[in-house]
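One-letter residues, chain by chain:
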Amino acid sequence: MKLKHKDLLGLAHLAPEEIDFMLHTAVPFKKLFTRSIKKVPPLRGKTVAMLFYEPSTRTRTSFELAAARLSADVLSLAVSSSSVQKGETLMDTARNLEAMKIDFIVLRHSVSGAPELLARGVRAHVVNAGDGNHEHPTQGLLDLFTIREKKKKIQGLQVAIIGDILHSRVARSNIWGLTKLGARVRLCGPATLIPAEMKTAFGNNVDVTYNMKDALDGADVAYVLRLQLERQQENLFPSLREYHDFYGLDAKKLSWAKKDCLVMHPGPMNRGVEIDSSVADGPQSVILDQVTNGIAVRMAVLYLLAGSSEGAPPRAARNITGSESSSGRTG
Ligand code: CP
């Protein structure tokens, strides 16, 4: 199997088998992390350009490490000191990078749809690293990978996604990915932070509740979203204290979920607002596992996209990492 897509723009348009394939491909890449030498050669000679128009800690460093561990060259454009500040358009910036023969553009942008626009105008593979409140597909994939790693399945799980759904691209990618792989999703938060269309946009496997007890009752995963204060144009709840009282995940609220319920958060966290430290750092938290898995998943994405344009990945991932028996192409 190979990916049919030149770009990764979201999970909405991917088939469940394609999502499954990407998760499966990430497994041998994760096994590399226990080795003293974590670098493999499949993207040697390729260049990955990082184009981040919004701040990032995890996604940017994770993509940089993923590209480096695949032996690609990494070009990180500092947007704040680039000609973007002189009014250069996104497309002109990208075409100039392409003129320097880059192979991938990893784009984070505040405008929903910016990666799709870019993908239509350049030959390079475009990877969406988060666009507005639309999608953050590699975050969705790394979350799926983490859930499957811990729970050994996704089908049939009850996943509560809690908080600022309105502004969250992470929520949208997770909802697409989880429901395509057979999980049930409960969205929970204040009514002002859950758009009305959420009840219908994703089909029958998504429920909406404004009550944390209902959301967490029997939940296998409690996925807490960051309260995106910087994107709020108006006051959507009375105060941070009240938000925390009703929707902040603390030990008491977590006790309403299954005993082995996973606690997840995409980062960065507002401790004491949407999540308490006792829970974020507690035994059920897999928040740092999400970060580790992000590198493996992004390695898989870059690797598979490179193969998609050349007909097939240069080698099977298992051959490259040597962590499974070799088969198929070796060249
Ligand atoms: N999860 C996530 O997108 O984090 P960053 O904003 O730090 O990349």
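Our subject in this report is the structure included herewith. (Residues numbered from 1 in each chain as written. Predicted model: local features only at pLDDT ≥ 70, side-chain atom pairs only at ≥ 80, totals over all residues. Heavy atoms only, no water.)

### Section: the sheet that holds strand β2 (residues 73–77)
Definition in use: At least two DSSP bridges between two strands are needed for those strands to be called paired. To qualify as a helix, a DSSP run of H or I must reach at least 4 residues; to qualify as a strand, a run of E must reach at least 2; elements of each kind are numbered from the N terminus. Where helices are involved, their axes are fitted lines through C-alpha atoms of the stretch in contact, as for all axes, and angles between N-to-C directions lie from 0 to 180°.
If you trace the four strands from one edge of the open sheet to the other, you get β2-β1-β3-β4, paired in parallel fashion. Of all the strands in the sheet, the pair left with one neighbour each is β2 and β4 (125–131). Direction aside, neighbouring strands of the sheet carry axes that sit 15° apart on average. Taken together, the five bridges between strand β3 (residues 104–109) and β4 define a ladder with parallel strand orientation. From the neighbouring strand, Ile-105 faces β4, where its bridge partner is Val-126.

### Things to note about the site of the ligand
Short version of the rule: In this text, near means that some heavy atom of the residue lies within 4 Å of the molecule or strand in question. Polar contacts here mean pairs of N or O atoms no more than 3.5 Å apart (in protein, one a potential hydrogen donor and the other a potential acceptor; neighbouring residues in sequence count only if both atoms are side-chain atoms). Surface exposure here means Shrake-Rupley accessible area, sampled with a 1.4 Å probe, where a residue is shielded only by the protein chains that are shown. A cavity, in this analysis, means grid points on a 1 Å lattice covering only the protein atoms where a 1.4 Å probe fits yet has no way out; a pocket is instead an open set bounded by protein on both sides within 12 Å along at least five of seven lines, and a residue lines either one if it has an atom within 4 Å of a point. Molecules are considered to sit inside a cavity or pocket once more than half of their atoms lie within 2 Å of its grid points. Each residue is assigned to one of three groups, with Ala, Val, Leu, Ile, Met, Phe, Trp, Tyr, Cys and Pro labelled nonpolar, Asp, Glu, Lys and Arg labelled charged, and all others, Gly among them, labelled polar.
In the vicinity of the ligand, the contacting residues are Ser-56, Thr-57, Arg-58, Thr-59, Arg-108, His-136, Gln-139, Pro-266 and Gly-267. Ser-56 has a polar side-chain atom sitting 2.6 Å from an oxygen atom of the ligand. Coverage of the ligand by the protein chains reaches 91% of its 250 Å² of free accessible surface. In this structure the site holding the ligand corresponds to the largest pocket. Of the residues in the shell around the ligand, the class split is one nonpolar, six polar and two charged.

### Overview of the environment of Glu-54
Worth spelling out the cut-off: Exposure classes here rest on a 1.4 Å probe applied to the protein chains alone. A residue is buried below 20% of its type maximum, exposed above 50%, and partly exposed in between.
If you trace the backbone, Glu-54 turns up in the loop between β1 (47–52) and α2 (58–69). Classification of Glu-54 as buried rests on a relative accessible area of 15%. When the C-alpha atoms of Glu-54 and Ser-110 are compared, they prove to be 6.6 Å apart, with 56 residues separating the residues in sequence. In terms of polar contacts, Glu-54 uses its side chain to reach the side chain of Arg-169, at 3.0 Å.

### Observations concerning the packing of helix α5 (residues 137–151) against helix α6 (residues 169–180)
Just so we agree on the cut-off: Here roughly perpendicular refers to angles of 65 to 115 degrees, roughly parallel to angles under 35, roughly antiparallel to angles over 145, and oblique to all remaining angles. Here a crossing is taken to be left-handed if its near helix is turned anticlockwise relative to the far helix by less than a right angle, and right-handed if that turn runs clockwise. Two residues qualify as a contact provided that any one of their heavy atoms is within 4.5 Å of a heavy atom in the partner residue.
Contact pair α5 / α6: the axes reach a minimum separation of 8 Å and the direction vectors enclose 50°. Taken together, the axes of α5 and α6 lie oblique to each other. Remark: the crossing between α5 and α6 carries right-handed chirality. Facing Pro-137, Gln-139, Gly-140, Asp-143, Leu-144 and Ile-147 of α5, the residues of α6 in contact are Val-170, Ser-173, Asn-174, Gly-177 and Leu-178. Taken together, the residues that form the contact of α5 with α6 break down as five nonpolar, five polar and one charged.

### Remarks on empty space enclosed by the protein
Which entries qualify depends on this criterion: Grid points are joined across faces, edges and corners, and a volume is the space filled by probe spheres set on the points.
Scanning the entire structure with this criterion turns up two cavities of 30 Å³ or more. In terms of lining, the largest cavity is formed by Arg-58, Thr-59, Ser-62, Gln-139, Leu-142, Pro-266, Gln-290, Val-291, Gly-294 and Arg-298. A per-element tally of the lining of the largest cavity places helix α12 (residues 287–310) first, with four residues. Its residues placed into classes, the lining of the largest cavity shows three nonpolar, five polar and two charged.

### As for the nonpolar core
Side chains of a nonpolar character, in soluble globular proteins, are inclined to be buried together. To keep things clear, this is the line we draw: The nonpolar core is taken to be a set of buried Ala, Val, Leu, Ile, Met, Phe, Trp, Tyr and Cys residues, with the residues joined through side-chain atoms within 4.5 Å.
Counting 65 residues, the largest nonpolar core has Phe-29, Leu-141, Ile-161, Leu-178 and Met-299 as the members making the most contacts within it. In terms of residues, this core owes the most to one element, α12, which gives 11 residues. Aside from chain neighbours lying at most four places away, what touches Met-299 is Phe-29, Leu-32, Phe-33, Val-40, Ala-66, Arg-69 and Leu-70. Ala-215, Ala-219, Cys-261 and Ile-287 belong to the second-largest nonpolar core, a separate cluster that totals 25 residues.

### A word on the layout of surface pockets
By volume, the largest pocket amounts to about 390 Å³. The wall of the largest pocket is formed by 22 residues, among which Arg-108, Arg-169, Arg-226, Gly-267 and Pro-268 lie closest to the centre. Of all the elements in the fold, those that place two or more residues in the lining of the largest pocket are α2 and α6. Its residues assigned to classes, the lining of the largest pocket comprises five nonpolar, 10 polar and seven charged.

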